[in-house]
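Chain and residue survey
Here is what each chain is made of, one letter per residue.
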Amino acid sequence: MMIQRREYDPAWRVHAADCPDAPPGAFVTTARAVYEAFPHDRPHRCLTKGYVSRNGAVVREQIHYEPHDWVPSTIVPADAIRALCRTCRGTRCANRGGPPVQVLPQTPSGLIIGRS
Ligand SMILES: [Zn+2]
Ligand SMILES: [Zn+2]
């Protein structure tokens, strides 16, 4: 099956629902639901491993990034159209354009044709 590569929106920040820095009135969901739908979101320091593994209540805070160039990070989700941006962890940054960057130059080992 072909993987549909997709664009990633800039990452949001994830807080424990009772974090003092969490945005008031934000939609409360569970840690697991967020990490399934938005695996690239940035956990705030209030979010501990234990809290996430207990599937605690969390809220997402939208982060407003300054306009910036896309600088590839080392994060390359299997279904992303290109490496995630180092600044915002999205794929839709200002200098985007042209064909998608080949993030995974894959050469299936069974199909290498020798040049002998
Ligand atoms: Zn927080
Ligand atoms: Zn970016």
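Keep in mind that what you see is a predicted model, and the values were worked out from it rather than measured.

1. Description of the coordination of the zinc ion (ligand 2)
Here the zinc ion (ligand 2) is held by H68 (NE2), C85 (SG), C88 (SG) and C93 (SG), and the distances to it run 2.0 to 2.3 Å. Donor residues for the zinc ion (ligand 2) sit on one chain with the sequence pattern H-x16-C-x2-C-x4-C. For C88, a relative accessible area of 2% puts it in the buried group.

2. Topic: the nonpolar core
Listed in full, the 7 residues of the largest apolar core are V14, A16, A31, V34, L47, Y51 and V58. Contributing elements (two or more residues each) for this core: strand 1 (13–16) and helix 1 (31–37). Look past the residues within four positions of L47 in its chain and what remains in contact with it is V14, H15, A16, Y35, V52 and V58. Core analysis: the next-biggest nonpolar cluster, separate from the first, contains 5 residues, W70, A83, C88 and C93 among them.

3. As for the side chain of H40
Here H40 is to be found in the loop between helix 1 and strand 3 (42–43). Judged by relative accessible area, H40 falls into the buried class, the value being 8%. Among the polar contacts listed, one links the side chain of H40 to the backbone oxygen of D9, at a separation of 2.8 Å. Discounting chain neighbours no more than four positions away, the residues touching H40 are Y8, D9, P10, A11, L84 and R89.

4. Concerning the pattern of salt bridges
Enumeration over the complete set of coordinates arrives at 6 salt bridges. With its nearest N and O atoms 2.8 Å apart, the salt bridge here joins D79 to R6. Here R6 lies in the segment before strand 1 and D79 lies in the segment after strand 4 (57–61), a separation of 73 residues in the sequence. Judged by its relative accessible area of 34%, R6 falls in the partly exposed class. Ionic pairing is found between R92 and D9, a salt bridge with its closest N-O pair at 2.6 Å. Placement of the pair is R92 in the segment after strand 4 and D9 in the segment before strand 1, with a sequence separation of 83 residues. A residue is classified by how much of its surface remains accessible, and R92, at 44% relative accessible area, is partly exposed. A residue is classified by how much of its surface remains accessible, and D9, at 44% relative accessible area, is partly exposed.

What counts, and where the lines are drawn
Residues numbered from 1 in each chain as written. Chains lettered and ligands numbered in written order. Predicted model: local features only at pLDDT ≥ 70, side-chain atom pairs only at ≥ 80, totals over all residues. Heavy atoms only, no water. Donors = N, O, S within 2.8 Å, 3.2 Å for Na, K, Ca; no water. Buried < 20%, exposed > 50% of the residue type's maximum accessible area, 1.4 Å probe, protein only. Core = buried A, V, L, I, M, F, W, Y, C linked by side-chain atoms within 4.5 Å. Helix = DSSP H or I, 4+ residues; strand = E, 2+ residues; numbered from the N terminus. Contact = heavy atoms within 4.5 Å. Polar contact = N/O pair within 3.5 Å; in protein donor to acceptor, adjacent residues only side chain to side chain. Salt bridge = Lys/Arg side-chain N within 4 Å of Asp/Glu carboxyl O.

Nothing here speaks to function; it is geometry throughout.
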